[in-house]
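As a plain string of letters, each chain reads:
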Amino acid sequence: MTSPERLASFPRKHFAFLPTPIVEMPRLSKLLGGPRLFVKRDDQTGLAFGGNKTRKLEFLVGEAISQGCDCLITGGAAQSNHCRQTAAAAAASGLACHLALGGTAPEIPGGNLLLDGLLGATIHWGGPKRKGEDIPLIAEELRKAGKHPYIIPYGGSNPVGALGYVEAAREAASQFDELGLEPAALVFASSSGGTHAGLEVGARLFGLESRLVGVAIDKFEGEGPSLSERIKDIIERTWALLTPDPSSPPPNFAPILREDFLGKGYGVVGEAEREAIGLAAKTEGLLLDPVYSGRAFAGLLAMIRGGEFAAGDSVLFWHTGGSPALFPYAADLVSIPATGPH
Ligand SMILES: *Cc1c(COP(=O)(O)O)cnc(C)c1O
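These numbers come from a predicted model, not from an experiment.

About the cut-offs
Numbers given for residues are sequential positions, taken from 1 along each chain in its written order. Local features are withheld for residues below a pLDDT of 70 in this predicted model, meaning they are given only at 70 or higher, and side-chain atom pairs are given and counted only at 80 or more; totals for whole chains, interfaces and linings count all residues. No hydrogens and no water enter the side-chain calculation; it runs on all heavy atoms of the structure. A strand pair is defined by DSSP finding two or more bridges across the two strands. Note on conventions: DSSP H or I runs of at least 4 residues are helices, E runs of at least 2 residues are strands, and numbering of each starts at the N terminus. Axis definition: a line fitted to C-alpha atoms, limited for helices to the stretch in contact. Angles are taken between N-to-C directions and run from 0 to 180 degrees. In what follows, residue pairs with any heavy atoms lying within 4.5 Å of each other are defined as contacts. We call a set of buried Ala, Val, Leu, Ile, Met, Phe, Trp, Tyr and Cys residues a nonpolar core when their side-chain atoms join them within 4.5 Å. Only protein chains enter the calculation, and the probe is 1.4 Å; a residue is then buried if its accessible area is under 20% of its type maximum, exposed if over 50%, and partly exposed in between. Domain limits in this description derive from either an automatic procedure or a database domain assignment. Note on aromatic contacts: the rings of Phe and Tyr and the six-membered ring of Trp form a pair at centre separations within 6.5 Å, being stacked when their planes are under 30 degrees apart, edge-to-face when over 60 apart, and tilted otherwise. Should the NZ of a Lys or the CZ of an Arg lie within 6 Å of a ring centre and within 35 degrees of the ring normal, that charge is described as sitting over the ring. Roughly parallel means an angle under 35 degrees; roughly antiparallel, over 145; roughly perpendicular, 65 to 115; everything else is oblique. Only Asp, Glu, Lys and Arg are considered charged in this grouping, and only Ala, Val, Leu, Ile, Met, Phe, Trp, Tyr, Cys and Pro are considered nonpolar; every other residue, Gly among them, is considered polar. Patch membership is restricted to residues that have no salt bridge and whose relative accessible area is over 30%. Joining uses 9 Å for like charges and 5 Å for the nonpolar side chains Val, Leu, Ile, Met, Phe, Trp and Tyr. Exposure was quantified through the Shrake-Rupley algorithm and a 1.4 Å probe, taking into account, for residues, occlusion by the shown protein chains and nothing else. Here, a salt bridge means any Lys or Arg side-chain nitrogen found within 4 Å of an Asp or Glu carboxyl oxygen. All tallies of charge rest on Lys and Arg as positive and Asp and Glu as negative; His and the ends of each chain are not included. Charge placement uses NZ in Lys and CZ in Arg. For Asp and Glu, CG and CD serve respectively.

**Considering the sheet that holds strand 8 (residues 211–216)**
Phase 1 of the analysis: Spatially, the six strands line up as an open sheet ordered 1-2-10-7-8-9, and their pairing is mixed. Of all strands in the sheet, those with a lone pairing partner are strand 1 (22–24) and strand 9 (256–258), marking the two edges. Neighbour-to-neighbour, the strand axes of the sheet open up by a mean angle of 30°, direction not taken into account.
Phase 2 of the analysis: The pairing of strand 2 (residues 36–41) with strand 10 (residues 314–319) spans six bridges and is parallel. Residue pairing across strands places Val39 opposite Phe317, the latter belonging to strand 10.
Phase 3 of the analysis: Relative to strand 10, helix 7 (residues 159–179) is tilted by about 145°, and along the sheet it contacts strand 1, strand 2, strand 7 (185–190) and strand 10.
Phase 4 of the analysis: On top of the sheet, helix 9 (residues 227–242) reaches strand 7, strand 8 and strand 9; it is set at about 155° to strand 9, its chief contact.

In structure tokens, the structure reads:
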């Protein structure tokens, strides 16, 4: 079996509206004095407000169903987009969903958390634990109660989840062919590593030659492997899932991870994010989010202003979603000036 045949042979439940569109951003390019800018709209994958986790969940839920599991468990921050999409995927598959969330129950939930409840997920509050630390505990309790849980790690970032972005790289490569586009770089938010790893593997398999530039969102706090080590680990294991000849060594991957746009840490909205969110909204009618795509777009703006691209280059921003978090972050966003860049 070839690698593309292997990819197609994994169990997959189709939730996403694919392919997601690629849209040009001519007003923004003009305002910045080039390069030509495009956006890949993975904020529009369709599952309960969409986002990048939907692509991973197609393969993760596919595996859960093939194993006869009856509930999904995952975890993250209280405003996790991943948890909200997992809750939706569970509902759409007739599975129960348990979420290990950081923080404590607010009086009235908003944003993603409100949606988790509407989608029928059971919430387990973990206080300071916002990376799914309680998942094994919850799984154990469910097993004792006679359930068959399927564990989805933080961010859905393991080799099976990453297959969603291997497939996305195939999709993008074929869109670039159709559009006659050869982006110099694809820029996207990177946080638990599955998106980045999947794109790296998919780019090798499907001949995507653009530079892949992940913008780190979450400061590495010194425990366990760093994000770039995790990305490399997921790359190797995803490659191993797909290579027909396990004895042939994997190619040399050198993922580019920009860690110079971390601001004051995860989920802290600074001036750079505010400017990016305001600029995309007022120039292109494009909604980013306060935690991930706002920060990654701020990184892209800084790279453009720093002269990292030629005016004749095409650069694609891969929008990974997250807009439901705009509402609970309202207090951080109201200071964005009301007038546009005209
Ligand atoms: C999870 C998430 C990311 C990061 O993707 P990873 O695969 O975890 O690196 C980026 N953007 C948004 C909106 C997300 O929810």
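Still to come is the rest of the account.
**Considerations on the environment of Gly263**
Phase 1 of the analysis: Along the chain, Gly263 falls in the loop between strand 9 and helix 10 (271–284).
Phase 2 of the analysis: Taking the C-alpha atoms as reference points, Gly263 and Ser174, separated by 89 residues in sequence, lie 35 Å from one another.
Phase 3 of the analysis: Apart from residues lying up to four places away in sequence, Gly263 is in contact with Lys219 and Arg295.

**Observations concerning the nonpolar core**
Phase 1 of the analysis: Membership of the largest hydrophobic core comes to 39 residues, with the highest contact counts inside it found for Val61, Leu72, Tyr150 and Val201.
Phase 2 of the analysis: At the level of elements, helix 3 (53–66), helix 4 (81–93), strand 4 (96–101), helix 7, helix 8 (194–206) and helix 9 are the ones that each hand at least two residues to this core.
Phase 3 of the analysis: With six residues, helix 9 is the single largest residue contributor to this core.
Phase 4 of the analysis: If you count residues domain by domain, this core takes at least three from each of domain 1 (3–51 + 157–333) and domain 2 (54–155).
Phase 5 of the analysis: If you look at the next biggest cluster of nonpolar residues, it comprises 38 residues, including Val39, Val213, Ile277 and Phe297.

**Quick notes on the packing of aromatic side chains**
Phase 1 of the analysis: Summed over all chains, the structure comprises four aromatic pairs.
Phase 2 of the analysis: Where Phe297 meets Phe317, the ring centres are 4.9 Å apart and the plane angle is 85°; that geometry is what we call edge-to-face. With a gap of 20 residues between them, Phe297 in helix 11 (residues 293–305) and Phe317 in strand 10 connect regions that are remote in the sequence. The pair formed by Phe297 and Phe317 is uniform in burial state, with each residue classed as buried.
Phase 3 of the analysis: Across the ring face of Tyr292, the terminal group of Lys53 is positioned such that the distance to the ring centre comes to 5.7 Å.
Phase 4 of the analysis: The ring of Phe253 carries Arg204 above its face, with NZ or CZ at 4.5 Å from the centroid.

**Examining the packing of helix 10 against helix 11**
Phase 1 of the analysis: Across the interface, helix 10 lies against helix 11 with an axial gap of 8 Å and an inter-helix angle of 90°. With respect to each other, helix 10 and helix 11 are oriented roughly perpendicular. Of the residues in helix 11, those touching helix 10 at Ala272, Glu273, Glu275, Ala276, Ile277, Leu279 and Ala280 are Gly294, Arg295, Phe297, Ala298, Leu301 and Arg305.
Phase 2 of the analysis: For the contact of helix 10 with helix 11, a count of residues per class yields eight nonpolar, one polar and four charged.

**Overview of a negative patch on the surface**
Phase 1 of the analysis: Together, Asp177, Glu178, Glu182 and Glu209 give the surface a local cluster of negative charge.
Phase 2 of the analysis: Note on Glu209: relative accessible area 77%, which makes it exposed.

**Some thoughts on the sheet that holds strand 5 (residues 122–125)**
What links the strands of a sheet is backbone hydrogen bonding, and the strands pair in either a parallel or an antiparallel sense.
Phase 1 of the analysis: One open sheet holds the four strands; their spatial order is 5-4-3-6, and the pairing between them is parallel. The strands lining the two open edges of the sheet, one partner per strand, are strand 5 and strand 6 (149–151). Ignoring which end each strand starts from, the neighbouring axes of this sheet average 25° apart.
Phase 2 of the analysis: Here strand 4 pairs with strand 5 via four bridges, running parallel. Bridging across to strand 5, Leu99 finds its partner in Ile123.
Phase 3 of the analysis: Running at roughly 160° to strand 3 (residues 71–76), helix 6 (residues 135–144) makes contact with strand 3, strand 4, strand 5 and strand 6 of the sheet.

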